[in-house]
Amino acid sequence: MTPSKHMIISSEAIAARVKELGAAISEQYGNEPLVMVCVLKGAFIFFADLVRALSIEPEVDFVRLASYGGQTSRKGRILFTKDMELPVHDKHVLVVDDIVDTGHSARYLLNVLRMRGAKSLRVCALVDKHQRREVDVTVDFPGFTLFDGFVVGYGLDHAERYRHLPAVYTLNEAKPASAATREEAQ
Ligand code: 5GP
Ligand code: MG
Ligand code: MG
């Protein structure tokens, strides 16, 4: 059975926020060399829009993480199923993720990049569920804050469905839409 979906972030709201994030990121790094790392698959559309909203020129690379041994990353072991190809030693690195929820997967990636000698590490995420955090991960450039609910669209899936949708929807049989608020620009 297909669960009902309810739009909570329109494509217009996403586009406006991506423009603001692009300006904030450009201002943060200026002419310093920057590697932007897209966390596949969920961030692929956000990343593609975000890099086009920059007034600086980043290098881009991609990783894919998987967690094993638990239904969520909090119980499982996190591994790369695709690692980066660019070196990050002595470079500023900005991780671009779809959602930071418990924070376990982002923390794993940040720890690896720190060990590889990144000059600085920051995180940009389309959605920051910061009230659900189990480990200390800060999203430096949050797109939107979500308090609860499972969301899909704009790259985000449920069992590989819904990634193509241009807006963000809650997917929930029982509950209606949950609140998403816009963060102030950094
Ligand atoms: P964390 O390790 O922070 O708990 O896991 C974050 C990852 O879980 C996200 O990058 C995303 O892939 C997935 N995730 C968490 N919440 C949602 C959600 O509401 N919708 C979707 N589609 N994925 C989610
Ligand atoms: Mg993810
Ligand atoms: Mg997923």
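In the block above lies the structure referred to throughout.
The structure displayed is predicted, hence computed values, not measured ones.

Enquirer: Any details on helix α2 (residues 44–51)? Residues and values, ideally.
Expert: Those residues of α2 not exposed but buried are Phe-46, Phe-47 and Leu-50. Looking straight down α2, one finds that the buried residues subtend no more than 100 degrees of arc, so they occupy a single side. Next to the buried residues of α2 lie α1 (11–29), β2 (34–40), β3 (59–68), β5 (92–100) and β6 (120–128).

Enquirer: Please give an account of the packing of aromatic side chains that cites residues and values.
Expert: Scanning the entire structure with this criterion turns up two aromatic pairs. Geometrically, the ring pair formed by Phe-47 and Phe-62 is edge-to-face, given 5.6 Å between the ring centres and 65 degrees between the ring planes. You can see Phe-47 sitting in helix α2 and its partner Phe-62 sitting in strand β3, a full 15 residues away along the chain. A relative accessible area of 30% means that Phe-62 is categorised as partly exposed.

Enquirer: I'd like to hear about the nonpolar core, residue by residue, with values.
Expert: The tendency in soluble globular proteins is for nonpolar side chains to be buried side by side. Ile-25, Phe-46, Leu-50, Leu-94 and Cys-124 are the most contacted members of the largest nonpolar core, which has 29 residues in total. When residues in this core are grouped by element, the largest group, six residues, is from α1. If you look at the next biggest cluster of nonpolar residues, it comprises 21 residues, including Val-39, Val-100, Ala-118 and Val-139.

Enquirer: Explain the packing of α1 against α2 to me, using residue names and the numbers behind them.
Expert: Two numbers describe how α1 lies on α2: the axes approach to 9 Å, and their chain directions differ by 60 degrees. Taken together, α1 and α2 sit at an angle that is classed as oblique. Note that α1 runs across α2; the crossing there is right-handed. Contact residues: Val-18, Leu-21, Gly-22 and Ile-25 in α1; Phe-46, Asp-49 and Leu-50 in α2. Looking at the contact of α1 with α2 residue by residue, the classes come out as five nonpolar, one polar and one charged.

Enquirer: Pulling in residues and values, what's your account of the sheet that holds strand β8 (residues 151–152)?
Expert: If you walk across this open sheet you meet the three strands as β1-β9-β8, and the pairing is antiparallel. Looking at strand neighbours, the two that pair on one side only are β1 (5–9) and β8, the edges of this open sheet. The sheet contact formed by β1 and strand β9 (residues 168–171) spans four bridges and is antiparallel. Its bridge partner lying in β9, Met-7 is registered against Tyr-169.

Conventions adopted
- Residues numbered from 1 in each chain as written.
- Chains lettered and ligands numbered in written order.
- Predicted model: local features only at pLDDT ≥ 70, side-chain atom pairs only at ≥ 80, totals over all residues.
- Heavy atoms only, no water.
- Buried < 20%, exposed > 50% of the residue type's maximum accessible area, 1.4 Å probe, protein only.
- Helix = DSSP H or I, 4+ residues; strand = E, 2+ residues; numbered from the N terminus.
- Arc of directions from axis to C-beta.
- Contact = heavy atoms within 4.5 Å.
- Phe/Tyr/Trp six-rings, centres within 6.5 Å; stacked < 30°, edge-to-face > 60°.
- Core = buried A, V, L, I, M, F, W, Y, C linked by side-chain atoms within 4.5 Å.
- Axes fitted to C-alpha atoms, helices over the stretch in contact; angles between N-to-C directions.
- Parallel < 35°, antiparallel > 145°, perpendicular 65-115°, else oblique.
- Left-handed = near helix turned anticlockwise from the far one by under 90°.
- Nonpolar A, V, L, I, M, F, W, Y, C, P; charged D, E, K, R; others polar.
- Pairing = 2+ DSSP bridges.

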